[in-house]
Structures are given as structure tokens and as C-alpha cells.
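For reference, the chains in residue letters:
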Amino acid sequence: MSILFSPLSIRSITFRNRLWVSPMCMYSAVDGVVQEWHHTHLAQFASGGAGLVVAEATAVVPEGRISPRDVGLWNDEQRDAWVPIVEAIHARGAAAGIQLAHAGRKASTWWPWAEHRGSVPLSDGGWTTSAPSAVAFDGFAPPEELDADGIDRVVEAFASSARRALDAGFDVLEIHGAHGYLLHQFLSPLSNLREDEYGGPLENRARLLLRVVDAVRTAAGDDVPVLVRISATDHADGGFTEQEAAVVGGWATERGADLIDVSSGGLVAHQQISVFPGYQVPLAETVRQGGRIPVSAVGLITAAEQAEEVLADGAADAIFAGREWLRDPHFALRAAHELGADIAWPPQYERAHWH
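Now for a quick tour of the structure. Predicted model, so just to flag it, every value in this text is computed and none were measured.

**Looking at a negative patch on the surface**
A cluster of like negative charges, contributed by Glu285, Glu305, Glu309 and Asp313, occupies part of the molecular surface. On the secondary structure map, Glu305 appears in helix α9 (residues 304–312).

Okay, here's the thing in C-alpha cells:
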């Protein structure tokens, strides 16, 4: 029997399989409100057999958006716009998740297909960013250092957005602590130069992430799965390491996180990444610590047998994929056929089912 297409239960949710859709920014929101694009984009993956569909990085405050076109969840209008999308995912048999995020010093930037690059000027609708230290990402505008009250507001914003997500019907909450965004900026000594209780040793650098885990777990209650995405290495000298990631993953699970979603990079422009199929799987295996910590693997996982092998080797408990779902929104239906797994197809598609 295929491991990839075996169910996985976390708290009150049983996922129909372990092939999941990663959060992928669409840069198509208006004032943080999702649009028809998001409805079609996300529902198609549920039709295509995904076990879990995680909506894109969703800012917990306006200044936490990567770009002015990012989705947000800091008001009730944004919450209400999610409801029909979540219902569409559920109607197609998948669980619905959302990634809660704050971009920190990498906020207020142009979207990928804009005519410009780098930070959006205040005159064009941009804003002043915040970070653990007043150190800019290379090529971006300098951020302001968060003070203690600002840190407290970030924690409460994650909790408030978590409550709105649950009110919208989401089954799963993911905390974005990766890819060079705010929580990752606190974790890495390359971006965190603080000398207070949030800087210096790993325990201090992880303090904000763990406070957010506490706050989101409290908002979620006992039944809702909480995932944490981390970058397990900065791919840069002197940065956050996979050994530190394993420690932080353990701390997060002790505080109520159910699974660590292991990615890497994004903190500094001078990172040196060797990219190849499954290049981040060894990082997931390190954080998993022989099965002690549930993890997911992500990164150029594009084939059914490849995904199955990652699980069979004990490197991860679930697979997230991104670009392959964009290329083939029915990735899971195809992968199940290739692995000989018998899974349910949408009745509307049965005439195309391989028999």
C-alpha cells in the first residue's frame, strides 16, 4: 500500500493522503481581500486530490505584507471573503489550511511581475518595515527595530488572525517562520543583532517564534492542527543551521506545534544554495530526529515515486509541493495512478479515471 496515499491524523483532522499543497503567494489581493482568482486557484487542487491545501502567506497586520497585493487577515472583511473558498475546498474532499505570516524587513516590496524591483516607496503606497534589528535585506529599504511593545503587538496579531481563520472555517493553521520573514529574522544571527532577551543565544532568538506558537495554540484550542514552517538553514556562513533548526523544532512541538514544515533559505541575498530534486529532504530528516518530531518535506518534489520514497525512507511524514501543483492541478490523481493507489475521483471526472 502506498504511504503517500495513506491517511494521516493530526488532532481532530484526518487528511485523506500525505500529498499536500504548499502556500504560494499569488499577489492578487485587493486591500488584503482574496478575489475570485484565489477561489479558482485553491479549489482546483482539492479537485485534483490534495489531502491538504494551504493558502498563501497571509499577513497578520497591514505592514506584514510582502507586497501591497498580498492577502491579509487583520479585519473581518478579509475573514468573510475566505469563507466560500474554504467551503469549496471542503466540498472537494480536502482539508483547508492557511499560513499566517509577517514579512518583517522583506515587506513593502514590488510583486514579481511589477515594472520595478526592491522596496515600494512610501509615495507609491509602500510603508516603513520592522525587524529584530535595523539591518536591511540587501537592496531593500532599511527597517525599524521592533521594541518590546511592538513585539507584543506581533504576537497578538498572530493570535487574532488565527481566531479569524478558524471563524472562516479553516482546519489547519500554519505559522510562517521561514524564508527570511519576521520570525525567521529573529531566529538567525545574521539578521538579529539584539542584546536583549530576544537576541544572542538560540533560546533568546527563538523566543518570539515560541511566543507565537503559544498564542496560536491557545487560539486554536485542542482540536486544530498547528504547523510551523521553518528555514532549516540560511545557506550562508554564520547563519541559522540545521542543528539549531532541530532544537527549535523540538521546542515548538513541546509548546503545541504538531508538525514542522521544513524548508530553507530566503534570509540573505548572498545565500549559496545547491538546488536539485529533493534538495531539502535531508534537512527535514535532521529536524525529524528519527521520528521524534513530525515533519513535512518540500522542495523540487515533482514525481510520485520520489515522494513515496521520501516517506518510505523515514525522512518525513508528509510531502508539500508547490510548482508541480501549478503545472498539474491534478498532481495527486496522477501520482496515485502511477503508484497503483486506488483513490476516489470527483464523480464529475470519473469518465477520465484510469482503469
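**Describing the nonpolar core**
Counting residues in hydrophobic clusters, the biggest one holds 93 residues, and the most contacted among them are Trp82, Ile175 and Ile260. Among the elements that line this core, the one with the most residues is helix α6 (residues 207–220), at 9 residues. Leave out the neighbours within four places in its chain, and Ile260 touches Val228, Ile230, Gly249, Ala252, Thr253, Val287, Ile293, Pro294, Val295 and Ser296.

**Quick word on the layout of surface pockets**
The calculated volume of the largest pocket comes to roughly 1200 Å³. Around the largest pocket, the lining comprises 45 residues; the ones closest to its centre are Pro23, Tyr27, His179, Tyr181 and Arg323. If you list the elements that add at least two residues to the lining of the largest pocket, you get β12 (318–321) and α10 (323–327). Of all the elements, α10 adds the most residues to the lining of the largest pocket, at 4 residues. Its residues assigned to classes, the lining of the largest pocket comprises 24 nonpolar, 15 polar and 6 charged. As for the second largest pocket, its lining consists of 17 residues, and the residues nearest its centre are Arg16, Ala46, Arg92, Trp345 and Pro346.

**Brief notes about empty space enclosed by the protein**
The gaps left among the atoms become clear once a water-sized probe is rolled over them. Evaluated as defined, the whole model comprises 1 cavity of 30 Å³ or more. Considering only enclosed or pocket space, the largest cavity measures out at about 40 Å³ in volume. Lining of the largest cavity is provided by Ala57, Thr58, Ala59, Gly64, Ile66, Asp70, Ala101, His102, Ala103, His176 and Tyr181. Sort the elements by how many residues they give to the lining of the largest cavity and strand β4 (residues 52–59) lands first, with 3 residues. Partitioned by chemical class, the residues of the lining of the largest cavity number 6 nonpolar, 4 polar and 1 charged.

**Brief notes about a nonpolar patch on the surface**
A contiguous nonpolar patch, built from Ile273, Val275 and Leu300 and spanning about 220 Å² of accessible area, is present on the exposed surface. Following the sequence through the fold, Ile273 ends up in the loop between β10 (259–263) and α8 (281–288). Taking relative accessible area as the criterion, Ile273 reaches 31% and is therefore assigned partly exposed.

**Overview of the pattern of salt bridges**
Evaluation of the coordinates by the stated rule reveals 17 salt bridges. Two residues, Asp76 and Arg164, come together in a salt bridge whose shortest N-O distance is 2.9 Å. Of the two residues, Asp76 sits in helix α2 (residues 76–91) while Arg164 sits in helix α3 (residues 148–167), which places them 88 residues apart along the sequence. Asp76 gets classed as partly exposed once you look at its relative accessible area, which sits at 37%. We note a salt bridge from Asp152 to Arg211, for which the minimum N-O separation is 2.9 Å. Taken together, the residues Asp152 in helix α3 and Arg211 in helix α6 connect sequence positions 59 residues apart. Among the ionic contacts, a cluster of salt bridges with common partners joins Glu324, Arg327, Asp328, Arg334 and Glu338.

**Here's the deal with the environment of Leu166**
Within the secondary structure, Leu166 sits in helix α3. Sequence-wise, Leu166 and Gly97 are 69 residues apart; in three dimensions their C-alpha atoms are separated by 9.7 Å. Those residues in contact with Leu166, other than ones at most four positions away along the chain, are Leu173, Ala219, Ala220 and Val224.

**Remarks on the packing of aromatic side chains**
Going through the model one piece at a time under the given rule, you end up with 10 aromatic pairs. On the numbers, 6.2 Å between centres and 75 degrees between planes, the contact of Phe186 with Tyr198 is edge-to-face. In this pair, Phe186 sits in helix α4 (residues 182–187) while Tyr198 sits in the loop between α4 and α5 (202–205), placing the two residues 12 residues apart along the sequence. The class for Phe186 is buried, based on a relative accessible area of 0%. Where Trp325 meets Phe331, the ring centres are 5.5 Å apart and the plane angle is 75 degrees; that geometry is what we call edge-to-face. Through pairs of rings, three or more aromatic residues link up here, namely Phe15, Trp20 and Phe320. We note Lys106 situated over the ring of Phe137; from NZ or CZ to the ring centre the distance is 5.1 Å. Across the ring face of Phe320, the terminal group of Arg229 is positioned such that the distance to the ring centre comes to 5.8 Å.

Each value, and the rule that gives it
Residues numbered from 1 in each chain as written. Predicted model: local features only at pLDDT ≥ 70, side-chain atom pairs only at ≥ 80, totals over all residues. Heavy atoms only, no water. Patch = residues over 30% accessible without salt bridge, like charges linked within 9 Å, V, L, I, M, F, W, Y side chains within 5 Å. Areas by Shrake-Rupley, 256 points an atom, 1.4 Å probe, with all protein chains shown as cover. Salt bridge = Lys/Arg side-chain N within 4 Å of Asp/Glu carboxyl O. Lys, Arg positive; Asp, Glu negative; His and termini not counted. Charge placed at Lys NZ, Arg CZ, Asp CG, Glu CD. Helix = DSSP H or I, 4+ residues; strand = E, 2+ residues; numbered from the N terminus. Core = buried A, V, L, I, M, F, W, Y, C linked by side-chain atoms within 4.5 Å. Buried < 20%, exposed > 50% of the residue type's maximum accessible area, 1.4 Å probe, protein only. Contact = heavy atoms within 4.5 Å. 1 Å grid on protein atoms, 1.4 Å probe; cavity = no way out; pocket = protein on both sides within 12 Å on 5 of 7 lines; lining within 4 Å. Points joined across faces, edges and corners; volume = space filled by probe spheres on them. Nonpolar A, V, L, I, M, F, W, Y, C, P; charged D, E, K, R; others polar. Phe/Tyr/Trp six-rings, centres within 6.5 Å; stacked < 30°, edge-to-face > 60°. Lys NZ or Arg CZ within 6 Å of the ring centre and 35° of its normal.

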